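Structural overview
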Amino acid sequence: MLFACTVGVTLSQSVPLVHSRCRSCRVDVARAQSFGSCTVGVGVARAQSVLLVHSRCCSCTVGVARSQLVLVSLVHSRLARAQLVSVSLVHSRCCSCTVGFARAQSVSLVHSRSARAQSVSVSLVHSRCRPCTVGAATANREAEYPPPPSTHTRLPRLHLGRSFTIHSFVPLVRCARVHPWFPRCSSVMAEHLSQSELDYPFKLLEYFNGFRVSKVIFTACELGVFDLLLNSAEPLSSRTVARELGTSPDGMERLLDALVGIDILEVEVADGTALYSSTDVASLYLAKGSAKSLHDMIIYQSQTIYPLWSNMADAVREGRNQNQKTFGLPPEDVFQAIYRSEEEMLKFMGLMNSSWVLDGHDVVTAFNLSGFQTIVDLGGCTGALAREMAQAYPSSSVTVFDLPQVVEAAQQHFSQENQAVAFHTGDFFSGEIPAADLYVLARILHDWPEEKCLKLLRKIYNACKPGGGVLLVEAMLFENRRGPIMAQIFSLNMLVQAEGRERAPSEYSHMLSKTGFHNIQVCRTGKSYDSILAIR
Ligand SMILES: C[S@@+](CC[C@H](N)C(=O)[O-])C[C@H]1O[C@@H](n2cnc3c(N)ncnc32)[C@H](O)[C@@H]1O
């Protein structure tokens with residue numbers, strides 16, 4: 001059954017063709033291709049979208065890949081949209097599906113330029129498809145390797161389509177012998193990638209250019225391209241966009257074309273003029289006014305993280321942050337550097353705020369926290385996560401604890417009507433912390449070296465009543481540190497900007513046990529951030 005599933009091989013043969021055209025064509029050309037080919041099976045239509053996804057897919061989680069599918073599908077044809085949306089749904093329900101095989105193939109195309117890569121993703125989908133008829137591959141895997149971390153079995157809802165990046169590139173044949181949760185996957189993946197790259201280093205070139213792709217999006221955000229297009233009743237020419245935003249027509253045309261190239265915008269040609277419009281994904285995440293806007297995150301990445309990362313080689317060489325070199329501020333006081341001006345503090349707070357648009361609900365509902373009546377979010381910044389808490393647990397009282405200037409700015413710039421959270425000022429290292437049943441530390445421990453983490457956890461332990469707890473929310477590395485790529489990259493960010501690092505669940509468990517906490521449970525959400533709950 002599994003090999004029947006590699007009917008994808010057939011599809012893959014058309015992929016490179018679609019791909020090579022698609023990279024240099026406009027969307028309407030691509031669309032025609034997809035309509036033309038999709039009678040053979042939806043594969044080609046998908047492939048086309050997939051290819052665009054592919055460039056970013058190699059290092060992302062499957063979840064991201066799925067979103068990208070949807071994104072791409074919106075850029076492409078109506079037909080593709082339906083197919084792709086259904087693919088992503090099927091993919092997430094694959095644990096119990098049978099028809100899912102066929103659809104899984106299209107998921108595989110996300111990663112693929114070759115038959116081998118297609119199989120890879122098919123195996124990815126089925127690697128956790130225990131009840132389905134994948135047969136030997138799954139059985140072998142289970143027989144040969146230890147079960148996944150206990151959290152995976154303890155929290156079955158996390159099985160569903162929430163998987164990690166590494167094994168998505170493991171060839172099917174090898175996958176039958178390799179457990180997707182375990183280390184050797186990445187070496188198998190590396191081997192596979194390097195072999196396929198010998199023909200032509202597509203992936204390497206994409207990686208090299210990754211920063212330019214980021215900068216295309218950053219620039220469009222900074223200039224207000226997405227807001228303009230969202231608010232326009234009709235698609236706009238590059239000349240109109242340039243005039244409205246006060247840029248050069250030539251520069252704007254190149255920028256808009258690049259955004260089309262990465263599927264962030266759509267283009268159609270009318271009377272020989274290219275007219276640009278926003279995709280749904282751009283409108284949802286990149287426009288400033290959207291409820292799910294990541295605009296503030298992008299601005300911070302562009303204006304603060306980007307310059308810091310240009311000193312990454314020194315950070316790696318010296319093993320410490322580059323606040324001195326980048327901003328002329330001492331490396332010892334991380335938050336003095338981050339809050340070096342009111343403007344910078346607000347930008348940082350904007351970044352913090354927008355992350356929880358994506359992950360907030362998942363991390364606060366990773367465990368049932370309704371038994372904790374009083375919750376204090378230590379270093380809770382704007383209160384974005386605290387608001388998610390208050391929404392999920394309406395009978396609990398939720399308080400944000402943070403430095404005085406942060407609380408003041410949070411109340412002034414980030415408060416909401418019917419504010420359901422209270423604020424409390426203080427310093428969690430040098431001062432008292434308020435009494436609570438549950439303490440939240442979201443993206444706090446990753447800022448600090450172990451001794452400071454232990455100091456803070458001890459303080460929490462002492463303030464906490466027996467039966468109370470602490471919830472850690474962090475981007476957690478795999479135990480072998482071979483992924484997820486997002487956590488690996490965040491860890492580099494902690495190196496260049498802070499004093500801490502991203503850690504694996506066992507490192508957090510170790511610190512929690514050392515300070516006296518027990519009953520430690522880990523929940524991987526499959527998105528960027530995960531949760532750990534420990535009880536006093
Ligand atoms: C990386 S941010 C995380 C913010 C928030 N928890 C979130 O995940 O969005 C770290 C937070 O810790 C706060 N912080 C840093 N040092 C602190 C201290 N000594 N006492 C209280 N809060 C502190 C910062 O102001 C900031 O809001």
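This text follows the structure it describes.
Residues numbered from 1 in each chain as written. Predicted model: local features only at pLDDT ≥ 70, side-chain atom pairs only at ≥ 80, totals over all residues. Heavy atoms only, no water.

Okay, the packing of helix 13 (residues 210–223) against helix 18 (residues 295–309) next. The contact between helix 13 and helix 18 brings their axes to 9 Å, and the two run at 120 degrees. Comparing the axis directions of helix 13 and helix 18 gives the class oblique. Relative to helix 18, the crossing made by helix 13 is left-handed. Of the residues in helix 18, those in contact with F211, K215, I217, F218, C221 and E222 of helix 13 are H295, I298, I299, Q301, S302, Q303 and Y306. Split into classes, the residues belonging to the contact of helix 13 with helix 18 amount to seven nonpolar, four polar and two charged. (Axes fitted to C-alpha atoms, helices over the stretch in contact; angles between N-to-C directions. Helix = DSSP H or I, 4+ residues; strand = E, 2+ residues; numbered from the N terminus. Parallel < 35°, antiparallel > 145°, perpendicular 65-115°, else oblique. Left-handed = near helix turned anticlockwise from the far one by under 90°. Contact = heavy atoms within 4.5 Å. Nonpolar A, V, L, I, M, F, W, Y, C, P; charged D, E, K, R; others polar.)

Take the sheet that holds strand 2 (residues 265–270) next. One open sheet accounts for three strands, arranged 1-3-2; its pairing is antiparallel. Here the strands that pair on one side only, and so sit at the sheet edges, are strand 1 (236–237) and strand 2. In this structure, strand 2 lies alongside strand 3 (residues 273–278), joined through six bridges in antiparallel fashion. Within the sheet, the bridge partner assigned to V269 lies in strand 3 and is A274. The strands that helix 16 (residues 249–261) touches are strand 2 and strand 3; relative to strand 2, the one it contacts most, it runs at about 115 degrees. (Pairing = 2+ DSSP bridges.)

In the vicinity of the ligand, 18 residues are found, and the nearest of them are Y339, W356, G379, D402 and A442. Separating a nitrogen atom of the ligand from a backbone N or O atom of G379 is a distance of 2.7 Å. Side-chain polar atom of D427 to a nitrogen atom of the ligand: 2.9 Å apart, as the coordinates give it. Protein contact buries 96% of the 590 Å² of open area that the ligand shows by itself. The element contributing the most residues to the shell around the ligand is helix 22 (residues 342–364), with three residues. (Near = heavy atom within 4 Å. Polar contact = N/O pair within 3.5 Å; in protein donor to acceptor, adjacent residues only side chain to side chain. Areas by Shrake-Rupley, 256 points an atom, 1.4 Å probe, with all protein chains shown as cover.)

If you trace the backbone, T399 turns up in strand 5 (residues 397–402). Overall, the relative accessible area of 17% leaves T399 in the buried class. Ignoring any residue separated from it by four or fewer positions in sequence, one finds T399 in contact with I375, V376, D377, A422, F423 and H424. (Buried < 20%, exposed > 50% of the residue type's maximum accessible area, 1.4 Å probe, protein only.)

Attention shifts here to helix 25 (residues 450–463). Each α-helix turn comprises 3.6 residues. Residues three or four places apart therefore point the same way. In this model, helix 25 (14 residues) spans 20 Å end to end at C-alpha, consistent with the 20 Å of a helix rising 1.5 Å per residue. Taken as a whole, helix 25 has its buried residues at C453, L454, L456, L457, I460 and Y461. The buried residues of helix 25 all sit within an arc of 165 degrees when viewed along its axis, so they share a single face. In this structure, helix 25 carries E451 and N462 as exposed residues pointing more than 90 degrees from its buried face. Buried positions along helix 25 lie against strand 4 (374–378), strand 7 (438–442), strand 8 (469–474) and helix 27 (505–514). (Expected span 1.5 Å × (residues − 1). Arc of directions from axis to C-beta.)

Within the element layout of this structure, L294 appears in the loop between helix 17 (280–286) and helix 18. When the C-alpha positions of L294 and L351 are compared, they lie 8.1 Å apart, and in sequence the two are 57 residues distant. Among residues more than four places away in sequence, those in contact with L294 are Y285, S354 and L358.

As a further point, take the sheet that holds strand 4. Overall, mixed pairing links the seven strands, which are arranged 6-5-4-7-8-10-9 in an open sheet. The strands lining the two open edges of the sheet, one partner per strand, are strand 6 (421–425) and strand 9 (518–523). Strand-to-strand twist in this sheet, taken as the mean axis angle between neighbours without regard to direction, amounts to 20 degrees. Sheet analysis places strand 4 next to strand 7, joined by four bridges and oriented parallel. For I375, the partnering residue across the bridge sits in strand 7 and is L438. Sitting on the sheet, helix 22 touches strand 7, strand 8 and strand 10 (530–535), and the angle it makes with strand 8 is about 145 degrees.

All right, on to the packing of aromatic side chains then. Taken as a whole and assessed by the stated rule, the structure comprises 11 aromatic pairs. A ring pair is formed by F335 and F348, whose centres lie 6.1 Å apart and whose planes are at 80 degrees; its orientation type is edge-to-face. Here F335, found in helix 21 (residues 334–338), pairs with F348, found in helix 22; they are 13 residues apart in sequence, far enough to count as distant. The pair F335 / F348 is uniform in exposure class, with both members buried. Their ring planes at 85 degrees and their centres at 5.1 Å tell us that F429 and W448 sit as a pair that is edge-to-face. Linking F429 in the loop between strand 6 and strand 7 with W448 in the loop between strand 7 and helix 25, this pair joins segments that are 19 residues apart in sequence. Residue classification places F429 among the buried positions, given a relative accessible area of 18%. (Phe/Tyr/Trp six-rings, centres within 6.5 Å; stacked < 30°, edge-to-face > 60°.)

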